[in-house]
Amino acid sequence: GCGSSVKGHANTELGARFLSITATDIVGQAAAANGVGSLDWGLIEHAMCAKIEAFADMLSPQSKRDDVLHNLMMSTILGFVVDEAGYAVFGCGDGLFVLNGIGTSLDSQHGNYLGARVLAGSDWKERIANGDRALVVHRSGPASELNHLLIGTDGVEDLHDRFSDKLAGFVANGE
């Protein structure tokens, strides 16, 4: 999802694409190696923040790094991972998900972006080490209990306005 920045106009579509590719790679590799039930979300957040920091450092001098983060990396991450044994819905930032007909709003997570974690002066490595994480598992369980899932970030409310009957049918029974 493309977020916004306290600095005004942001070009977060690029950051959202970068973050989705990064999350897919990091979470996918960890799940393939360890299984969904054994994922270490602190290590995953650490790896993602390190990639964000390296990306910002590559694009700008240190004195302008926070500008790059504000303009490109203030984006929601909302993802899903599943294997034969388990599943997890994870993320940071706002949006919503509907799992087996039960909707969960993440509006209270607005502004909770990984890009904000690596701004100058924030000790993101120490925060993660102390269990203060932005990336959270919203729901998890055995794969056998998963029937249907809808995840949405920015603009998902438009789906309700335009396709409320289809969205209601999906939410009710996955069709």
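Nothing here was measured: the structure is a model prediction, and the numbers come from that model.

Enquirer: Break down the packing of aromatic side chains for me, with residues and values.
Expert: Scanning the entire structure with this criterion turns up 2 aromatic pairs. With centroids separated by 4.3 Å and ring planes inclined at 25 degrees, the aromatic side chains of phenylalanine 18 and phenylalanine 55 adopt a geometry described as stacked. Placement of phenylalanine 18 in helix 1 (residues 12-34) and of phenylalanine 55 in helix 2 (residues 41-59) is noted, with a sequence separation of 37 residues between them. Across this residue pair, the class does not change: phenylalanine 18 and phenylalanine 55 are buried. When the ring of tryptophan 41 is compared with that of phenylalanine 90, the centres are 4.9 Å apart and the planes differ by 40 degrees; the resulting orientation is tilted. Highlighted residues: tryptophan 41 in helix 2 and phenylalanine 90 in strand 2 (residues 86-92), separated in sequence by 49 residues. Note on phenylalanine 90: relative accessible area 4%, which makes it buried.

Enquirer: Please give an account of the side chain of threonine 104 that cites residues and values.
Expert: Relative to the elements of secondary structure, threonine 104 occurs in strand 4 (residues 102-105). The buried category is assigned to threonine 104, whose relative accessible area is 18%. A polar contact is formed between the side chain of threonine 104 and the side chain of arginine 139, at a distance of 3.2 Å. If we ignore the near neighbours within four places in the chain, the residues touching threonine 104 are Gly95, Leu96, Phe97 and Arg139.

Enquirer: An account of the pattern of salt bridges is requested, with residue identities and associated values reported.
Expert: What the rule picks out here adds up to 5 salt bridges. The partner of aspartate 132 in a salt bridge is arginine 117, and the shortest N-O contact between them spans 3.7 Å. Here the residue aspartate 132 occupies a position in the loop between helix 5 (124-129) and strand 5 (136-142), and arginine 117 occupies one in helix 4 (residues 114-117), the gap between them amounting to 15 residues. Residue aspartate 132 is classed as partly exposed on the basis of its relative accessible area, which comes to 36%. Where aspartate 132 meets arginine 127, a salt bridge forms, and the shortest distance between an N and an O atom there is 2.9 Å. Residue classification places arginine 127 among the partly exposed residues on the basis of a relative accessible area of 32%.

Enquirer: Summarise the sheet that holds strand 2; cite the residues concerned and give the values.
Expert: The 3 strands lie next to each other as 1-2-5, forming an open sheet whose pairing is antiparallel. The sheet terminates laterally at strand 1 (77-82) and strand 5, the two strands that pair on one side only. Recorded for the sheet is a direction-independent mean angle of 10 degrees between the axes of neighbouring strands. The pairing of strand 1 with strand 2 spans 6 bridges and is antiparallel. Within strand 2, the residue paired with valine 81 across the bridge is alanine 88.

Enquirer: I'd like a rundown of the pairing of strand 3 (residues 96-99), residues and numbers included.
Expert: Two faces, one strand: in a regular strand the side chains alternate between the faces of the sheet. As judged from the 4 bridges shared by strand 3 and strand 4, these two strands associate in the antiparallel manner. Residue pairing in the sheet places leucine 96 in a bridge with serine 105 of strand 4. Adjacent in sequence and paired antiparallel, strand 3 and strand 4 are bridged by 2 residues, among which asparagine 100 carries a positive phi angle near 50 degrees. With 4 bridges connecting them, strand 3 and strand 6 (residues 149-152) associate as antiparallel partners.

Enquirer: Residue-level account of unusual backbone geometry, with values.
Expert: The backbone phi angle of asparagine 100 is positive, close to 50 degrees, even though this residue is not glycine. Among the secondary structure elements, asparagine 100 is positioned in the loop between strand 3 and strand 4. Using a relative accessible area of 27% as the deciding quantity, one classes asparagine 100 as partly exposed.

Cut-offs used in this document
Residues numbered from 1 in each chain as written. Predicted model: local features only at pLDDT ≥ 70, side-chain atom pairs only at ≥ 80, totals over all residues. Heavy atoms only, no water. Phe/Tyr/Trp six-rings, centres within 6.5 Å; stacked < 30°, edge-to-face > 60°. Helix = DSSP H or I, 4+ residues; strand = E, 2+ residues; numbered from the N terminus. Buried < 20%, exposed > 50% of the residue type's maximum accessible area, 1.4 Å probe, protein only. Polar contact = N/O pair within 3.5 Å; in protein donor to acceptor, adjacent residues only side chain to side chain. Contact = heavy atoms within 4.5 Å. Salt bridge = Lys/Arg side-chain N within 4 Å of Asp/Glu carboxyl O. Pairing = 2+ DSSP bridges. Axes fitted to C-alpha atoms, helices over the stretch in contact; angles between N-to-C directions.

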